[in-house]
2 protein chains.
Amino acid sequence: MAIRTHIGISMDGFVATPAGIPAWDAIPTFGPGTHGYDELMAETGAIVMGRSSFDQGFRDWLAGGWPWPDKQVYVLTSSPLPDDVPARVFASKGGPEGLVEQIRAARMERDVQVLGGPRTIRAFMAIGALDRLEMVILPVLLGTGIPLFDIKPVAYSAEAFAAWQRSSGSIDARQFNLERQRVYPDGSIEVVYRPA
Amino acid sequence: MAIRTHIGISMDGFVATPAGIPAWDAIPTFGPGTHGYDELMAETGAIVMGRSSFDQGFRDWLAGGWPWPDKQVYVLTSSPLPDDVPARVFASKGGPEGLVEQIRAARMERDVQVLGGPRTIRAFMAIGALDRLEMVILPVLLGTGIPLFDIKPVAYSAEAFAAWQRSSGSIDARQFNLERQRVYPDGSIEVVYRPA
C-alpha cells in the first residue's frame, strides 16, 4: 500500500484557479479516465481529501452518483461530517498523523490516493507520509490560482545577494528522486517523485 | 535563428534563491556543460541578459575570464554599460522590442540564448519573441526564491468558488506546445515548449 497523489499542475505551479476549479479543466483533452486516472482508479482502494475539497464537492457528488462506490473515503477534518454521507466515508481522527494511523489500521491492499486540496497534500508531505508525488504538468500558464506547494516568491535584490556573499553560501533544498515520467499526446508530462 | 531560454527550475517554480543564486546550484550534479549546456553553447551565437544579471556577474566574469569570447552579448538596459565591457557586448536600444530588432539586424546564423533573469525572459515572452522555453525541472523544492513566472498565488476561498458558479465558467490560460523532453540521470527533466 502506497500513499500517492496524482494532480494536474500548470507550468507555473497552480493546481486550481482562484475559484478552486482544477487546473485539469484548463486543457480541452482532460476527461474521465485520461492522464493516468483510469490506472490510478484501478490501483487505489481509498481516497483522502481535505475538508474544503469535501465541502466543495459533496452535494454534487451525492446528486450525481457517488464517484467512489468501491472505495473508502477519508476526510481530513476537525468537525463532524454531515449525517447523510454514504457508508465507507470516514472523518479523520486526530489530524494527519491520526489519519495515517487509520489508513494503516485498515490494512488496505491497494494504494491510497490523496485527492487534495494542496493543504492536505502538503500535510501528508510534512509528516513524511506521502510515498509518491505524481504531478501531470499541463502545457498551460494560469498566472494566478492555488499553488501546490507552500511558496514564498520574492523579487531579486542586490542587498540579498551581497548578504549571501558574506554568508556560508549553502542552499536549503528538499531533494526528491524521480521514479518515472511519461508524456501524453497533448503535451502533458507526468512526473512521479519519491522523497529522497 | 531561434530565441531560446534554457533555465533550471525547482519543482516549486524557482529559478533562483532569494539571493539570486541559480536553482542549478541546489543540485550536486550540476557543473560546466551539464544538463544540456554544452549543446546550448554550441547552438547559440549570442546571449541576452537583463541588467540585474549583468551587474551581478560582470566583475566576476571580467576577473575570471570572459565566459562568452565567441558570442555577442546583449544587455537589456536603459542605462549605459561600464566603459570596460569587452568588445561584442552591447546595450539594448529601445527596450525588449528594440533589442529583438538589434538581434534580427545582426543576422545571426546560430540561436540566441536569453540567459535571464526571469524579468528578461518574461519580457521576451510578453512580446512573443521567445521561440523556445526550455526548462530543466530539478528534483528539489526550494520553498522560497525568485520564480520564473509572474505568479499570484491565492488561498482557496468558498466565496470565490460561489462567484465562479454564478459566472460564465471559462478559465483564462495561455497554451503551449511541448516540443520535446528528456530525462537526465540525476532525475532532472528537460521540457521544451513553444507558445501555441
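Use the structure listed above.
Right, let's walk through the structure included here. As the structure is a computational prediction, the values presented were derived from the model and not from experiment.

1. Considering the packing of aromatic side chains
All names here are of chain A.
Stage number 1. Counting across every chain of the model gives 20 aromatic pairs over all chains.
Stage number 2. A ring pair is formed by Phe 58 and Trp 66, whose centres lie 6.1 Å apart and whose planes are at 80°; its orientation type is edge-to-face.
Stage number 3. Ring centres of Trp 61 and Trp 68 lie 4.9 Å apart, and the angle between their planes is 80°; this geometry places the pair in the edge-to-face category. Each member of the pair, Trp 61 as well as Trp 68, carries the same accessibility label: buried.
Stage number 4. Three or more aromatic residues joined by ring pairs make a cluster, and in this case those are Phe 54, Phe 58, Trp 61, Trp 66 and Trp 68.

2. Concerning the sheet that holds strand E5 (residues 89–91) of chain B
Stage number 1. The strand order across the open sheet formed by 9 strands is E8(A)-E11(B)-E12(B)-E7(B)-E1(B)-E6(B)-E3(B)-E4(B)-E5(B), and the pairing between neighbours is mixed. What marks the edges here is a single partner per strand, and that holds for strand E8 (140–141) of chain A together with E5 of chain B.
Stage number 2. Strand direction decides the pairing type here: strand E11 (residues 174–183) of chain B and strand E12 (residues 189–195) of chain B, joined by 7 bridges, are antiparallel. Bridged to B:Arg180 within E12(B) is B:Val192.
Stage number 3. Sitting on the sheet, helix H2 (residues 51–64) of chain B touches strand E3 (44–50), strand E4 (72–76), E5 and strand E6 (111–116) of chain B, and the angle it makes with E3(B) is about 110°.
Stage number 4. Across the sheet, helix H3 (residues 95–105) of chain B lies against strand E1 (3–10), E3, E4, E5 and E6 of chain B, angled at about 165° from E4(B), the strand it touches most.

3. Here's the deal with the relation of the copies chain A and chain B
Stage number 1. Relative to chain B, chain A is turned by 180° and slid 0.0 Å along the rotation axis, the superposed coordinates differing by an RMSD of 0.0 Å. Accordingly, the operation relating the two chain copies is best matched by a two-fold axis. The position closest to the rotation axis in chain A is occupied by the C-alpha of A:Gly13, lying 3.2 Å away.
Stage number 2. Both copies contact each other with a shared surface, as 100% of the interface residues of chain A are interface residues in chain B too.

4. As for unusual backbone geometry
Across the chain, the bulk of peptide bonds are trans and the bulk of non-glycine residues have phi less than zero.
All names here are of chain A.
Stage number 1. Between Gly 116 and the following residue, Gly 117, the backbone shows a cis peptide bond with an omega angle of -5°.
Stage number 2. Positionally, Gly 117 belongs in the loop between strand E6 (111–116) and helix H4 (118–126).
Stage number 3. Phi at Arg 107 is positive, roughly 50°, even though this residue is not glycine.
Stage number 4. In this fold, Arg 107 is placed in the loop between helix H3 (95–105) and E6.
Stage number 5. Judged by its relative accessible area of 74%, Arg 107 is exposed.

5. Some points on the interface of chain A and chain B
Stage number 1. With 50 residues of chain A at the interface, the matching set in chain B holds 50 residues.
Stage number 2. The junction of chain A with chain B conceals about 4500 Å² of combined surface from both sides, 70% of it contributed by carbon and sulfur atoms.
Stage number 3. Looking only at chain A, the three residues that lose the most surface to chain B are A:Met11, A:Leu141 and A:Tyr156, adding up to 15% of its buried area.
Stage number 4. Linking chain A with chain B are 0 salt bridges.
Stage number 5. Every element with two or more residues in the side of chain A that touches chain B is listed here: helix H2 (51–64), strand E7 (132–138), E8, strand E9 (144–147), strand E10 (152–153), helix H5 (158–165), strand E11 (174–183) and strand E12 (189–195) of chain A.
Stage number 6. For the side of chain A that touches chain B, the element with the most residues is E11(A), which contributes 6 residues.
Stage number 7. Within the side of chain A that touches chain B, the residues separate by chemical class into 34 nonpolar, 10 polar and 6 charged.
Stage number 8. In the sheet, E11(A) pairs with strand E8 (residues 140–141) of chain B via 2 bridges, with the strands oriented antiparallel. Bridge pairing in E8(B) links A:Gln175 to B:Val140.

About the thresholds
Residues numbered from 1 in each chain as written. Chains lettered and ligands numbered in written order. Predicted model: local features only at pLDDT ≥ 70, side-chain atom pairs only at ≥ 80, totals over all residues. Heavy atoms only, no water. Phe/Tyr/Trp six-rings, centres within 6.5 Å; stacked < 30°, edge-to-face > 60°. Buried < 20%, exposed > 50% of the residue type's maximum accessible area, 1.4 Å probe, protein only. Pairing = 2+ DSSP bridges. Helix = DSSP H or I, 4+ residues; strand = E, 2+ residues; numbered from the N terminus. Contact = heavy atoms within 4.5 Å. Axes fitted to C-alpha atoms, helices over the stretch in contact; angles between N-to-C directions. Least-squares fit on C-alpha atoms with pLDDT ≥ 70 in both. Buried area = accessible area lost by both parts, 1.4 Å probe. Salt bridge = Lys/Arg side-chain N within 4 Å of Asp/Glu carboxyl O. Nonpolar A, V, L, I, M, F, W, Y, C, P; charged D, E, K, R; others polar.

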